[in-house]
Amino acid sequence: MTSLLPQGFRDRLPPFADAAARLEQAVLGAAFLHGYERADPALAEFEAGLASRLKAARAQDAVRFVDPVSQKSLAIRPDMTAQIGRIAATRMGHHPRPVRLSYAGPVLRLRASQLSPERELLQMGCELIGLDTVAAAREIVGVAVEALEAAGVGDISIDFTLPDLVPTLASGPLPLGADKIALLSDRLDAKDAGGVAEIAPEYLPLIEAAGPFFEAHDRLCQFDVGGALRSRLDGLWALAEGLKGRVALTLDPTERHGFEFQSWLGFSIFAGGVRGEIGRGGSYTILHEDGSEEAATGFSLYADAIVAAGLADIERRRLFVPLDADPALAAKMRGEGWVTVAALEAGDTPEAQLCTHVLAEGEARAL
Ligand SMILES: N[C@@H](Cc1c[nH]c[nH+]1)C(=O)O
């Protein structure tokens, strides 16, 4: 017998499991106040369906297995966005648009990434299905920020990107063969100036156009002489205007990693004290069964990074109730918001029960 878990998996223990649950509640609570109602998608579904639901999405990230019951290949969800898209397209297909849904639950990745050695993550988020306009993006980014603030996470910064930048330029002012688009995107993403110069030197200024939002936006506007990026740049500007002063803003137009299915807009969310990103979002397209497409916008947050960084509330405030104390008094204290921990044996101590206070002479005394 072994007590080891597979690589990338871990148990969440007290007080972190409670902290993650409170974080989830705060985030979904803030989303609920903006009209986002919760949907709870299935943990696993047919691989073919999961992979085909979002335009440009791949199922490569998913852990797959053959279901002995259906004899079909199933995938454990690596991301809930596609599942929410499926629900909005099928069972909620008749619902007036836009549909606002929130979600929270574990997701499983086939491989750990450099930023996250974990493979099982607690994901939570919101999807607005039916729109990918600037107004929709403003709402989504605003709800993400408000949800984090409600959860007590401060020092938030948002890094915007334009996931379909290269295909947009390639089919317009800076023509490029379809076979080169993916390679150029990768090299721009890696800020590999030499590599970019080899394929398409006219794209080089894009590497320089990354940094604090308003300067980077200026540089990108100068680069966009023909105006092919005009609507995107105006949209970003409107988003940034709405967030100025509240969160730190940067722009990295060629960042592609983690934005495989997003369309005109992508963003990463960071918080002070956390190494990697704590969330991501953007606009994307859902594919319906009849082949039609529908625009959507959303964000996802990852609870573990926030909890591990100590940003979620993990404070313990526990009141020890000695063996001889009046149970009715302990009940009254719980009514006032205390966590009470009752002694069950004579030798029990507040220290052993991780208590910060003791119930003595009818009141809570700090230890
Ligand atoms: N689910 C995506 C982010 C996202 C939500 N909606 C749109 N994009 C992710 O975690 O990378």
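Keep in mind that what you see is a predicted model, and the values were worked out from it rather than measured.

**Things to note about the environment of proline 163**
Now for step 1: Structurally, proline 163 is set in the loop between β7 (156-161) and α5 (165-170).
Now for step 2: The exposure class of proline 163 is buried, given its relative accessible area of 6%.
Now for step 3: When the C-alpha atoms of proline 163 and arginine 111 are compared, they prove to be 23 Å apart, with 52 residues separating the residues in sequence.
Now for step 4: In this structure proline 163 touches Arg256, Phe259, Gln262, Ser263, Trp264, Leu265 and Gly266, once residues within four positions along its chain are discounted.

**Let's talk about the nonpolar core**
Now for step 1: Counting 69 residues, the largest nonpolar core has Ile158, Phe160, Leu184, Tyr203 and Phe267 as its most contacted members.
Now for step 2: Sort the elements by how many residues they give to this core and helix α4 (residues 134-150) lands first, with nine residues.
Now for step 3: Once you skip the residues sitting within four places of it in the chain, leucine 184 turns out to touch Val166, Leu176, Val196, Ile199, Ala200 and Tyr203.
Now for step 4: Grouped together as the second largest cluster of nonpolar side chains are 23 residues, Leu54, Ile84, Val99 and Ala296 included.

**A look at the side chain of threonine 254**
Now for step 1: Following the sequence through the fold, threonine 254 ends up in the loop between β9 (248-251) and β10 (266-271).
Now for step 2: A relative accessible area of 4% means that threonine 254 is categorised as buried.
Now for step 3: Polar side-chain contacts of threonine 254 include one of 3.3 Å to the backbone oxygen of leucine 188.

Rules behind the numbers
Residues numbered from 1 in each chain as written. Predicted model: local features only at pLDDT ≥ 70, side-chain atom pairs only at ≥ 80, totals over all residues. Heavy atoms only, no water. Helix = DSSP H or I, 4+ residues; strand = E, 2+ residues; numbered from the N terminus. Buried < 20%, exposed > 50% of the residue type's maximum accessible area, 1.4 Å probe, protein only. Contact = heavy atoms within 4.5 Å. Core = buried A, V, L, I, M, F, W, Y, C linked by side-chain atoms within 4.5 Å. Polar contact = N/O pair within 3.5 Å; in protein donor to acceptor, adjacent residues only side chain to side chain.

Any link to function would need more than the numbers given here.
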